[in-house]
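These are the residues of each chain, in order.
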Amino acid sequence: MPTNTLRADTGISSKDNQGGEEVCPICKGAGLVHPLLAAGQPDFSRVIPCECQKEELEKKKLQYLQEYSNLSSLLRKMTFDDFDYKRLNLSLEQRQNLRKAFDIAKDFACSPEGWLVFQGVNGCGKTHLAAAIANHRLGQTKPVLFIVTPDLLDHLRSTFNPDSKISYDDFFETVKQCPLLILDDFGEQSATPWAQEKLYQLINYRYNARLPMVVTTCLTLDEIESRISSRMVDPKLSTVFNIIAPDYRGDIEPVRQAGRSSRKRYS
């Protein structure tokens, strides 16, 4: 919205700048201005941030998004630029498979629609690609929530503590409704009835709302509870990709293969 060139009446003037620093000629150091009405006259009933505050506001927004994303310092270093899909220890088939996973993840990061499910053994690159998607979205100042599935359930349990700073409903609603959710290590959680029910409620909500999601798992689809796996293989929503590369930390051969077919199935 266009802004008035006169500062907002906040009791601050250019003379208040005792430190001798340069003062914005638009807001005269107030940081706020009156927006213009359609007729071109200032709307003195409201104030908005001045253009000089734009950079600082963007920094604060990015800081908030980084905190909201739940990415650790290690995960923030996992980007597409430093993902090695040319690992020399891989066979040609494994290298091509890993490159395909990289391309799919990058395309999803540019335009997250539907669900993306990465399967494979520990250390094959699933988490790196999922974190790279999150970091790419953050670079575009888009909100994303990255959370390890067992940690999600622990956080939910902790909200029942009287000392919790957030209620169960508020936390669960935040997870269910976030614009892009990344669930890492799905299937590593305890298989209690309560845990299974909470995960089903989460998955089902995002399925019905068609909200974008990325899931990484060491399980095959046949090993995931049918109420959840049936949604993960919906051909109208989900893309399932089985990464056949071994654990890069120890060259452990993959022992699990993808389960059922899906809308887009790669191998």
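Above this text is the structure in question.
Reading guide: rules and limits
Within each chain, residues carry numbers counting from 1 in the order of the written sequence. Only residues with pLDDT of at least 70 get local features here, since the model is predicted, and only at 80 or more are side-chain atom pairs given and counted; chain-wide, interface and lining totals rely on the full set of residues. The side-chain numbers reported here are obtained from all heavy atoms of the structure, hydrogens and water having been left aside. Strands here are runs of E lasting at least two residues and helices are runs of H or I lasting at least four, both read from the DSSP assignment and numbered beginning at the N terminus. Each residue gets one of three labels from its accessible area relative to the maximum for its type: buried under 20%, exposed over 50%, partly exposed in between, using a 1.4 Å probe on protein chains only. When checking whether two residues touch, look at their non-hydrogen atoms; a contact exists if any pair is within 4.5 Å. Reported accessibility uses the Shrake-Rupley method at a 1.4 Å probe radius. Residues are deemed covered only where the shown protein chains occlude them. A side-chain nitrogen of Lys or Arg and a carboxyl oxygen of Asp or Glu constitute a salt bridge if their distance falls within 4 Å. Note on terminology: a nonpolar core comprises buried Ala, Val, Leu, Ile, Met, Phe, Trp, Tyr and Cys residues joined through side-chain atoms within 4.5 Å.

Peer 1: Pulling in residues and values, what's your account of the overall build of the protein?
Peer 2: Of regular secondary structure, the protein possesses seven helices and nine strands. Scored against the burial criterion, the 267 residues of the protein give a buried share of 44%. Nonlocal contacts in the protein, meaning residues at least 24 apart in sequence, comprise 72% of its contacts between residues at least 6 apart. A total accessible area of about 14500 Å² is found for the protein, and carbon and sulfur atoms account for 50% of it.

Peer 1: Tell me about unusual backbone geometry, residues and numbers included.
Peer 2: Non-glycine residue aspartate 185 carries a positive phi angle of around 55°. Take aspartate 185: it is sitting in strand β6 (residues 181–186). You will see that arginine 210, though not glycine, has its phi angle at about 55°, which is positive. Note on arginine 210: relative accessible area 39%, which makes it partly exposed.

Peer 1: Describe the pattern of salt bridges, with residues and values.
Peer 2: Counted by the stated rule, this structure contains seven salt bridges. A salt bridge links glutamate 173 to lysine 176, with the shortest nitrogen-to-oxygen separation between them at 2.9 Å. One end of the pair, glutamate 173, and the other, lysine 176, are both in helix α5 (residues 168–177), three residues apart, so they sit about a helical turn from each other. Note on glutamate 173: relative accessible area 32%, which makes it partly exposed. For lysine 176, a relative accessible area of 13% puts it in the buried group. Between arginine 227 and glutamate 197 there is a salt bridge, with the nearest N and O atoms lying 3.4 Å from each other. One end of the pair, arginine 227, is in helix α7 (residues 226–232); the other, glutamate 197, is in helix α6 (residues 193–209), with 30 residues separating them in the sequence. Note on arginine 227: relative accessible area 28%, which makes it partly exposed.

Peer 1: Just give me the short version of the pairing of strand β4 (residues 115–119), but keep the residues and values in it.
Peer 2: Of all five residues that make up β4, five are buried, and the element is covered over most of its length. Where burial is concerned, the two faces of β4 agree: the one with Trp115, Val117 and Gln119 and the one with Leu116 and Phe118 are both buried.

Peer 1: Could you give an account of the nonpolar core, naming the residues involved and the relevant values?
Peer 2: Counting 33 residues, the largest nonpolar core has Phe80, Phe118, Leu129, Ile133, Phe146, Ile182 and Ile243 as its most contacted members. The set of elements that each furnish at least two residues to this core consists of α2 (92–110), β4 and α3 (126–139). Ignoring sequence-local partners within four residues, the contact set of isoleucine 182 consists of Ala130, Ile133, Ala134, Val144, Leu145, Phe146, Ile147 and Val214. Membership of the second largest hydrophobic core comes to 31 residues, among which are Trp115, Val117, Leu199 and Met213.

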